[in-house]
Amino acid sequence: MRIVPLDQARHLPRWRRPEALLFLMAFAMPLAFATWSALLNNFVIEVADFSGVEIGWLHTVREIPGLLAVGVIALLLFVREQVLGIVSLVLLGVATALTAYFPSFGGILALTMLSSIGFHYFETVNQSLQLQWLPRDRAPQMLGWIVAIGSAASLLSYGLLVVTWRAWDLSYATVYTVAGGATAVIALFCMLAYPQFEAPDPQRKSFVLRRRYWLYYALQFMSGARRQIFIVFAAFMMVERFGFDVHEVTSLFIVNFLANMLFAPLMGRAVGRFGERAALGVEYSGLIAVFLAYGGLYYFGWGVALAAILYVIDHVFFALAFALKTYFQKIADPRDIAPTAAVAFTINHIAAVVLPAALGYLWVTSPGGVFALAAMMAAASLILALMIPRHPAPGCETVFSRLAPAPAE
């Protein structure tokens, strides 16, 4: 548990350095979360008889801890960020391991809430640590590799599911227990094997909400709203509309993460070369087309092959979201990173808490309408992304900063 200043970490063995810890945590989290996601739609339909209404409420409950991510600021008064992140990872693993043992509506919601607390608090702290520990000139490339490593962990989870689900006649309880347990064990190893790294800029332990970060907040809000439609309803469509079985859904996820393993490092290099505005512009333009095509699946009767292709393309575009992190890293006061990560996660989840349940009712009457709404959200995100300057920096947070000085707060 010794404390090592960040500038001295280079003297440690490579496997004990901060970036190695970030890579290991990036590998551990998807073992539980990806397995939970892969099995969720089949599990709730086959075991708990969920409809679009129940799945909407499930995801609303899942996003409540994200709305309360600002509570991380209070916890940081008593515990170090690194410790909080690892403990949250343990909670995610344990709650995932117990999921199948409580197959009622109430039980699934309760375990979902616990695993979601672990997931969202880990992600909040993890984002903060990434921006504090990674140098600005290498952050886009390193974040691309972190996405690729997370995709490799998801690929491992999904690959094992495809190979063993039918061959070994696995139960939901067995898979959830093994996957969640693996995440918890790796998190405990991270706790015991690594020192506590200390960044040079002490983080503020108070609520931070600055006017000059307004564009970052707006992009986070739209990202949360748009992402929920993809997470909740795109995969649900595959099961409900096209009758995908567990191994078929998992195979689709495998293709997604193979694509991310291949393209995420290249995307990191592209963000470093062309900037965040170009990267986010490509993402949002692509998502507009993808969501409109999703709607066409219902209105024009397009087939399952196109649905699967769109799902993969959709997932690849979402991998570009790390450009939003590097945009904030470039404009932020280094002491604001931890509290702003918590505030941003809360802003990201304002719409995420409301939309799944509300759109669950719209889904029952007009699935295409759900995706039309998502396309409009992607268009709004594109307009906001065009306000990012080519070279963001403190005092140059938006293109309008060239016309008027940015406010200090």
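None of the values given here were measured: they were computed from a predicted structure.

A. Representation of the overall build of the protein. A tally of regular secondary structure across the protein gives 15 helices and two strands. For the protein, the C-alpha radius of gyration of 20 Å lies close to 22 Å, the compact-globule estimate for 409 residues. Dimensions along the principal axes, computed over C-alpha positions, put the protein at roughly 50 × 50 × 35 Å. Sorting the 409 residues of the protein into buried and exposed places 60% on the buried side. Nonlocal contacts in the protein, meaning residues at least 24 apart in sequence, comprise 87% of its contacts between residues at least 6 apart. Split by element, the accessible area of the protein, about 16,100 Å² in all, is 70% carbon and sulfur. The protein carries 26 positive and 22 negative side-chain charges, and their two centres are separated by 11 Å.

B. Seen up close, helix H11 (residues 304–318). The end-to-end C-alpha distance of H11, which contains 15 residues, comes to 21 Å, matching closely the 21 Å that a straight helix rising 1.5 Å per residue would cover. Within the span of H11, buried status applies to Ala307, Ala308, Leu310, Tyr311, Val312, Asp314, His315, Val316, Phe317 and Phe318.

C. Geometry of empty space enclosed by the protein. Evaluated as defined, the whole model comprises two cavities of 30 Å³ or more. Estimated volume of the largest cavity: approximately 1,400 Å³. Residue lining of the largest cavity: 49 residues in total, with Met29, Phe33, Phe119, Glu123 and Arg227 positioned closest to the centre. Considered class by class, the residues forming the lining of the largest cavity number 26 nonpolar, 17 polar and six charged. In this model, the second largest cavity occupies a volume close to 60 Å³. Residue lining of the second largest cavity: Phe33, Trp36, Arg62, Leu92, Thr96, Thr112, Ser115, Ser116, Phe119 and His120, and that is the complete set. If you list the elements that add at least two residues to the lining of the second largest cavity, you get helix H1 (18–46), helix H4 (81–98) and helix H5 (105–133). Looking at the lining of the second largest cavity, the element that brings in the most residues is H5, giving five residues. Classifying every residue of the lining of the second largest cavity gives four nonpolar, five polar and one charged.

D. Region of the structure containing the pattern of salt bridges. Applying the stated rule across the entire model yields six salt bridges. Ionic pairing is found between Asp333 and Arg204, a salt bridge with its closest N-O pair at 3.5 Å. With Asp333 in the loop between helix H12 (322–331) and helix H13 (337–348) and Arg204 in the loop between strand E2 (196–198) and helix H8 (214–240), this residue pair connects regions lying 129 residues apart in the sequence. Judged by relative accessible area, Arg204 falls into the partly exposed class, the value being 23%. For Arg212, the salt bridge goes to Glu397, with nearest N and O atoms at 2.8 Å. Within this pair, whereas Arg212 is found in the loop between E2 and H8, its partner Glu397 is found in the segment after helix H15 (367–385), the two being separated by 185 residues in sequence. Connected through shared salt-bridge partners, Arg204, Arg210, Asp333, Arg335 and Asp336 make up one network.

E. Quick look at a nonpolar patch on the surface. On the surface, a nonpolar cluster with roughly 370 Å² of combined accessible area is contributed by Val94, Leu98, Tyr101 and Phe102. Note on Val94: relative accessible area 41%, which makes it partly exposed.

F. Quick look at the side chain of Gln220. The topology assignment puts Gln220 in helix H8. The exposure class assigned to Gln220 is buried, which follows from its relative accessible area of 9%. A distance of 3.0 Å separates the side chain of Gln220 from the side chain of Asn348, its partner in a polar contact.

G. Seen up close, the nonpolar core. Counting residues in each nonpolar core, the largest one holds 140 residues, and the members touching the most others are Phe197, Phe291, Tyr294 and Tyr311. Residues contacting Phe291, with those up to four places away along its chain left out, are Arg226, Phe230, Asp314, Phe318, Phe371, Ala374 and Ala375.

H. Expanded view of the packing of aromatic side chains. With the rule as written, the count across this model stands at 13 aromatic pairs. Their ring planes at 70 degrees and their centres at 6.0 Å tell us that Trp15 and Tyr194 sit as a pair that is edge-to-face. Taken together, the positions of Trp15 in the loop between strand E1 (3–5) and H1 and Tyr194 in the loop between helix H7 (172–193) and E2 put the pair 179 residues apart, joining distant regions of the chain. Centre to centre, the rings of Tyr216 and Tyr217 are 6.3 Å apart; their planes meet at 50 degrees, and the pair counts as tilted. We note that Tyr216, like Tyr217, is buried. The side chain of Arg16 reaches across the aromatic face of Trp15, ending 5.8 Å from its centre.

I. Structural context of the packing of H4 against H7. Axis separation between H4 and H7 bottoms out at 7 Å; the angle between their running directions is 160 degrees. By the angle class used here, H4 and H7 are roughly antiparallel. As H4 packs across H7, the resulting crossing turns out to be left-handed. Between H4, through Val83, Ile86, Val87, Leu89, Val90, Gly93, Val94, Thr96 and Ala97, and H7, the contact on the second element is made entirely by Tyr176, Thr177, Gly180, Gly181, Thr183, Ala184, Ala187, Leu188, Cys190 and Met191. Across the contact of H4 with H7, the residue classes break down as 13 nonpolar, six polar and no charged.

J. Highlighting the side chain of Gln127. In this structure, Gln127 sits in helix H5. What makes Gln127 buried here is its relative accessible area of 7%. In this structure Gln127 touches Tyr216, Lys325, Ala341 and Phe345, once residues within four positions along its chain are discounted.

K. Focus on the packing of H8 against H12. Where H8 contacts H12, the two axes come as close as 10 Å, and the packing angle between them is 165 degrees. Between H8 and H12, the interaxial angle falls into the category roughly antiparallel. As for how H8 packs across H12, the hand of that crossing is left-handed. Contacts between H8 and H12 involve Leu215, Tyr216, Leu219 and Gln220 from the first element and Leu324, Tyr327 and Phe328 from the second.

The rules we used
- Residues numbered from 1 in each chain as written.
- Predicted model: local features only at pLDDT ≥ 70, side-chain atom pairs only at ≥ 80, totals over all residues.
- Heavy atoms only, no water.
- Helix = DSSP H or I, 4+ residues; strand = E, 2+ residues; numbered from the N terminus.
- Rg over C-alpha atoms; globule rule 2.2 N^0.38 Å.
- Buried < 20%, exposed > 50% of the residue type's maximum accessible area, 1.4 Å probe, protein only.
- Contact = heavy atoms within 4.5 Å.
- Areas by Shrake-Rupley, 256 points an atom, 1.4 Å probe, with all protein chains shown as cover.
- Lys, Arg positive; Asp, Glu negative; His and termini not counted.
- Charge placed at Lys NZ, Arg CZ, Asp CG, Glu CD.
- Expected span 1.5 Å × (residues − 1).
- 1 Å grid on protein atoms, 1.4 Å probe; cavity = no way out; pocket = protein on both sides within 12 Å on 5 of 7 lines; lining within 4 Å.
- Points joined across faces, edges and corners; volume = space filled by probe spheres on them.
- Nonpolar A, V, L, I, M, F, W, Y, C, P; charged D, E, K, R; others polar.
- Salt bridge = Lys/Arg side-chain N within 4 Å of Asp/Glu carboxyl O.
- Patch = residues over 30% accessible without salt bridge, like charges linked within 9 Å, V, L, I, M, F, W, Y side chains within 5 Å.
- Polar contact = N/O pair within 3.5 Å; in protein donor to acceptor, adjacent residues only side chain to side chain.
- Core = buried A, V, L, I, M, F, W, Y, C linked by side-chain atoms within 4.5 Å.
- Phe/Tyr/Trp six-rings, centres within 6.5 Å; stacked < 30°, edge-to-face > 60°.
- Lys NZ or Arg CZ within 6 Å of the ring centre and 35° of its normal.
- Axes fitted to C-alpha atoms, helices over the stretch in contact; angles between N-to-C directions.
- Parallel < 35°, antiparallel > 145°, perpendicular 65-115°, else oblique.
- Left-handed = near helix turned anticlockwise from the far one by under 90°.

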